[in-house]
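Coordinate analysis (summary)
Letter by letter, the chains look like this.
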Amino acid sequence: MKILIADDSPVLRMAVRKLLEPEGYEVVAAEDGVEGITQFYQERPDLVLLDVQMPKLSGYVVCRIIKEDPVAAHTPVLILTVRSSAEDRYWGAKSGADGYLTKDALGDELLAAIRGALARSALRDLSGGRLQAPPLDGEADVLTRVCDVLDRKLFEATVVNEIMSVAVEPVGLDGTVERMLTSLRRLVAFDAGAIVFHEEKLIDLHIGHQLDYTDLAEFTDLCAQHLSEYVGKDIPAGSLELHRLNTIEGDTDPPRGWNSFRTLPLKSRGQLVGILALGSHRPAVFDESAMRTLRTITASVAAVADSARNFQHSVENEARATFSSLL
């Protein structure tokens, strides 16, 4: 097993080496963040130990670069630092670190953390595959990777903020779903998108062009099949009520068939609210880039949809109570 230690203290690097090598680990060292990233892609370590305060790049940034790379993200990363505040531990977790230790933990505690992280990694990746990503060639490549990661995180934050902003607009359940799907369609090129509510047996459908009866029926069938899989019991397509949220004029001869169809579960407070269902007439529309975007926003979509649904229920219950009191 190979372990990379990135720390600007030669004393600490030597202490870690003396601790780990007698235990059978091969140790690779780096003295700053840029060298740490470069060594990571050159040496393909099984685990990374990162200091927080390092020249050129902090340990948090190094960790985020590793964890944002789908090829490398399975590699365990442990923060090893003198900083012990709650804020630092929080940011370490948000950067993707698999563990956080202070430097007074050198010894049995560090060895136990390494063994535990490696064991968990082995369970996640039973194939034992090694990294296949190309190495980074010097500081320019590393800084390019940093910019890519930061740009991606800004994009994700912007998208999530746009979805969450819908929650403050009093437009009702259908209006809330319509605004979310309109925003989502600017990011992912679907021809039909819907939120399918589990308890209400309701499909709130947003379309990109006119659909005929056959396409609508097939989309409803697919939604029912996928919702059944998430719920664990059969839900007939005929039990789902379809709400078309928008109308498209023209398109007298629309394409036929759903050559791409994907769903993601929407969970709020641990409960299944429903599913996000997207369909396209073109094949291979929902590639890994599109799915990464969708996975980024599903928690926000679920929270906003659940809030709008609960608000509508409360309004309906209040209206019924008021009506009953007048009888």
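Residues numbered from 1 in each chain as written. Predicted model: local features only at pLDDT ≥ 70, side-chain atom pairs only at ≥ 80, totals over all residues. Heavy atoms only, no water.

Before going further, it helps to examine the packing of helix H2 (residues 33–43) against helix H3 (residues 59–68). The geometry of H2 relative to H3 is characterised by a closest axis approach of 9 Å and an angle of 25° between their N-to-C directions. It follows that H2 is roughly parallel to H3 by the angle criterion. Of the two possible hands of crossing, H2 and H3 adopt the one that is right-handed. Listed contacts from H3 to Gly33, Ile37, Phe40 and Tyr41 of H2 are Val62, Ile65 and Ile66. Tallied by class, residues from the contact of H2 with H3 come to six nonpolar, one polar and no charged. (Axes fitted to C-alpha atoms, helices over the stretch in contact; angles between N-to-C directions. Helix = DSSP H or I, 4+ residues; strand = E, 2+ residues; numbered from the N terminus. Parallel < 35°, antiparallel > 145°, perpendicular 65-115°, else oblique. Left-handed = near helix turned anticlockwise from the far one by under 90°. Contact = heavy atoms within 4.5 Å. Nonpolar A, V, L, I, M, F, W, Y, C, P; charged D, E, K, R; others polar.)

Looking now at the packing of aromatic side chains. The final tally for this structure, using the stated rule, is three aromatic pairs. Measuring from centroid to centroid gives 5.1 Å for Phe40 and Tyr41, while their planes differ by 85°, and the two rings are edge-to-face. Each member of the pair, Phe40 as well as Tyr41, is classed as buried. With a centroid separation of 5.5 Å and 75° between ring planes, the pair formed by Phe219 and Phe261 is classed as edge-to-face. Note that Phe219 is positioned in helix H8 (residues 213–231) and Phe261 in strand S9 (residues 260–268), a separation of 42 residues in sequence. Relative accessible area serves as the criterion here: at 14%, Phe261 is assigned to the buried category. Every member of this aromatic cluster is reached through a ring pair, and the members are Phe219, Trp258 and Phe261. In this arrangement the basic side chain of Arg64 is found over the ring face of Trp91, its NZ or CZ atom lying 5.4 Å from the centre. (Phe/Tyr/Trp six-rings, centres within 6.5 Å; stacked < 30°, edge-to-face > 60°. Buried < 20%, exposed > 50% of the residue type's maximum accessible area, 1.4 Å probe, protein only. Lys NZ or Arg CZ within 6 Å of the ring centre and 35° of its normal.)

Okay, the sheet that holds strand S2 (residues 26–30) next. Consider a sheet: its strands pair through backbone hydrogen bonds, and that pairing is either parallel or antiparallel. Ordered by their spatial adjacency, five strands build an open sheet running S2-S1-S3-S4-S5, and the pairing between neighbours is parallel. The open sheet is flanked by S2 and strand S5 (99–102), the only strands paired with a single partner. Strand-to-strand twist across the sheet, computed as the mean angle between neighbouring axes with direction ignored, equals 20°. Two strands pair when backbone bridges link them, and strand S4 (residues 77–81) and S5 are joined in this way by four bridges, in the parallel orientation. Counterpart to Leu80 in the pairing with S5 is Leu101. Running over the sheet, H2 touches strand S1 (2–6), S2 and strand S3 (47–50) and is turned about 145° from S2. (Pairing = 2+ DSSP bridges.)

This part is about the side chain of Thr81. Looking at the secondary structure, you find Thr81 in strand S4. The class of Thr81 is buried, set by a relative accessible area of 0%. A polar contact of 3.1 Å, which involves the side chain of Thr81, links it to the backbone nitrogen of Arg83. The residues touching Thr81, leaving out its near neighbours within four places in the chain, are Asp51, Val52, Tyr100, Leu101, Thr102 and Lys103. (Polar contact = N/O pair within 3.5 Å; in protein donor to acceptor, adjacent residues only side chain to side chain.)

Unlike most non-glycine residues, Lys201 shows phi in positive territory, near 50°. One can find Lys201 in the loop between strand S6 (192–197) and strand S7 (202–207). Backbone geometry places Ala284, a non-glycine residue, at a positive phi of 55°. Inspection of the secondary structure assignment puts Ala284 in the loop between strand S10 (271–280) and helix H9 (288–326).

Turning next to the environment of Thr298. Here Thr298 shows up in helix H9. Separated by 30 residues in sequence, Thr298 and Ser268 have C-alpha atoms that sit 9.9 Å apart. Among all residues touching Thr298, those that are not within four sequence positions of it are Leu264, Pro265 and Leu266. Here Arg295 takes part through its backbone oxygen, which lies 3.3 Å from a polar atom of the side chain of Thr298.

Take it as geometry only, folks, not as evidence of what the structure does.
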